[in-house]
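# Overview (structure and organization)
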Amino acid sequence: MFDYKLPFNQNGNIDISEKELQYLNSQLEKLSSEQIIKWAASSFPRLFQETAFGPSGNVIMDMIYSSNIKVPVIFIDTLYHFDETLDLAKIITDKYNADLHIYKPNGCSSRKEFVEIHGDNLWDLYPNKYDFLVKAEPGNRAYSELRPKCVITGRRRSQKGKRESLKILEIVNIEIDGRTEKLFKLNPLAKEEWTFQKIKSYLLAYQVPYNTLLNKGYKSIGDIHSTSPVNGDDDERSGRWKGTDKTECGLHSDYFLMKTAFIARQI
Ligand SMILES: Nc1ncnc2c1ncn2[C@@H]1O[C@H](COP(=O)(O)OS(=O)(=O)O)[C@@H](OP(=O)(O)O)[C@H]1O
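Fair warning: this is a prediction, and the values are worked out from it, not measured in the lab.

Another aspect to go through is the nonpolar core. Counting residues in hydrophobic clusters, the biggest one holds 43 residues, and the most contacted among them are Leu24, Trp39, Phe44 and Leu169. With five residues, the top contributor of residues to this core is helix α3 (residues 55-66). Here Phe44 is in contact with Leu6, Ile14, Trp39, Lys149, Cys150, Leu169 and Phe184, once residues within four sequence places are set aside. Counting 14 residues, the second-largest nonpolar core is a separate cluster that includes Ile74, Tyr103, Val151 and Leu251.

Structural data, given as structure tokens:
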């Protein structure tokens, strides 16, 4: 068992230097994804998984369940998910008996309400504002209410773009009660070996429920209005925001930069 002890201070916060984080990452690189998850579960007092029920997240849920660990799940419902994604959310959380926490855009419980407040086509007219409202703000609200010390994500280096240099363990800034706090993000499938093909093989081998859209040419699935199927060999995320230079949804971007731009009406 990997027995690296996180440096907790008296306040229960983890004071880790950049150098030590680098060392920790170099050690985590040597572990399997299951070992990384088990280490995190025994190291972080409040470990959560955040998932949009993508194929990587499905693999992670199965690994967590098979390791006999309980990790609550955060799902940010943008109100623009495919029905197939919402169906999967129910099927897979039932199968793994997951404790699901759903967060929606502030003040909106339905797509109709969102359109009434923010207008139609916001994602098209003001994509960064849309990202802040449907992903970054609800994400930070989830962190602020649930107080995770660490969240597990499904990002992988093989998804290319900015993710090619993804670390297994990262630290991001979040806002809690008006203060800046640190949150760890754990990416147990970050390593290059976790290709889309390997993810699919895992899902099939272990009979893990997955999004039926994967059988219809979709490889990466986000919001209805910005997700399309791809051709066989195309990059996994090439069907997201097709025809634009956008590659990320904002959940993993700098929260404070987004918030500042949102308040200043620069996005
Ligand atoms: N809506 C929502 N709710 C909770 N968590 C979410 C959400 N969107 C993205 N994620 C997290 O980011 C991982 C990568 O997602 P994607 O590849 O779809 O990209 S993107 O974040 O939408 O840009 C994704 O991996 P999966 O677990 O495979 O879904 C999650 O860890």
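The residue Leu6 is located in the segment before α1 (18-28) in this model. Overall, the relative accessible area of 9% leaves Leu6 in the buried class. Sequence separation of Leu6 and Leu24 is 18 residues, and the distance between their C-alpha atoms is 9.3 Å. The residues touching Leu6, leaving out its near neighbours within four places in the chain, are Ile14, Leu24, Trp39, Ser43 and Phe44.

Look at helix α7 (residues 127-146) against helix α9 (residues 255-263): their axes get within 10 Å of each other, and the N-to-C directions meet at 130 degrees. When the interaxial angle is binned, α7 and α9 end up oblique. Here the hand of the crossing between α7 and α9 comes out left-handed. Here α7 contributes Asn128, Lys129, Asp131, Phe132, Leu133, Ala136, Glu137 and Asn140 to the contact with α9, which in turn contributes Tyr255, Met258, Lys259 and Phe262. Its residues assigned to classes, the contact of α7 with α9 comprises six nonpolar, two polar and four charged.

With that settled, consider the side chain of Lys246. Examined against the element boundaries, Lys246 turns out to sit in the loop between α8 (196-205) and α9. Residue classification places Lys246 among the buried positions, given a relative accessible area of 18%. Side chain to side chain, Lys246 and Asp131 meet in a polar contact 2.3 Å long. Beyond its immediate sequence surroundings of up to four residues, Lys246 is in contact with Asp131, Arg240 and Trp241.

What follows concerns the site of the ligand. Around the ligand, the structure places 24 residues, and the nearest of them are Glu50, Thr51, Ile76, Arg237 and His252. A distance of 3.0 Å separates an oxygen atom of the ligand from a polar atom in the backbone of Gly54. In the complex, the protein chains occlude 96% of the 600 Å² of accessible area that the ligand would expose alone. With respect to the detected pockets, the ligand is housed in the largest pocket. If you list the elements that add at least two residues to the shell around the ligand, you get α3 and β2 (73-76). Of all the elements, β2 adds the most residues to the shell around the ligand, at three residues. When grouped by side-chain class, the residues that make up the shell around the ligand number eight nonpolar, nine polar and seven charged.

Conventions adopted
Residues numbered from 1 in each chain as written. Predicted model: local features only at pLDDT ≥ 70, side-chain atom pairs only at ≥ 80, totals over all residues. Heavy atoms only, no water. Core = buried A, V, L, I, M, F, W, Y, C linked by side-chain atoms within 4.5 Å. Buried < 20%, exposed > 50% of the residue type's maximum accessible area, 1.4 Å probe, protein only. Helix = DSSP H or I, 4+ residues; strand = E, 2+ residues; numbered from the N terminus. Contact = heavy atoms within 4.5 Å. Axes fitted to C-alpha atoms, helices over the stretch in contact; angles between N-to-C directions. Parallel < 35°, antiparallel > 145°, perpendicular 65-115°, else oblique. Left-handed = near helix turned anticlockwise from the far one by under 90°. Nonpolar A, V, L, I, M, F, W, Y, C, P; charged D, E, K, R; others polar. Polar contact = N/O pair within 3.5 Å; in protein donor to acceptor, adjacent residues only side chain to side chain. Near = heavy atom within 4 Å. Areas by Shrake-Rupley, 256 points an atom, 1.4 Å probe, with all protein chains shown as cover. 1 Å grid on protein atoms, 1.4 Å probe; cavity = no way out; pocket = protein on both sides within 12 Å on 5 of 7 lines; lining within 4 Å. Sits in = over half its atoms within 2 Å of the grid points.

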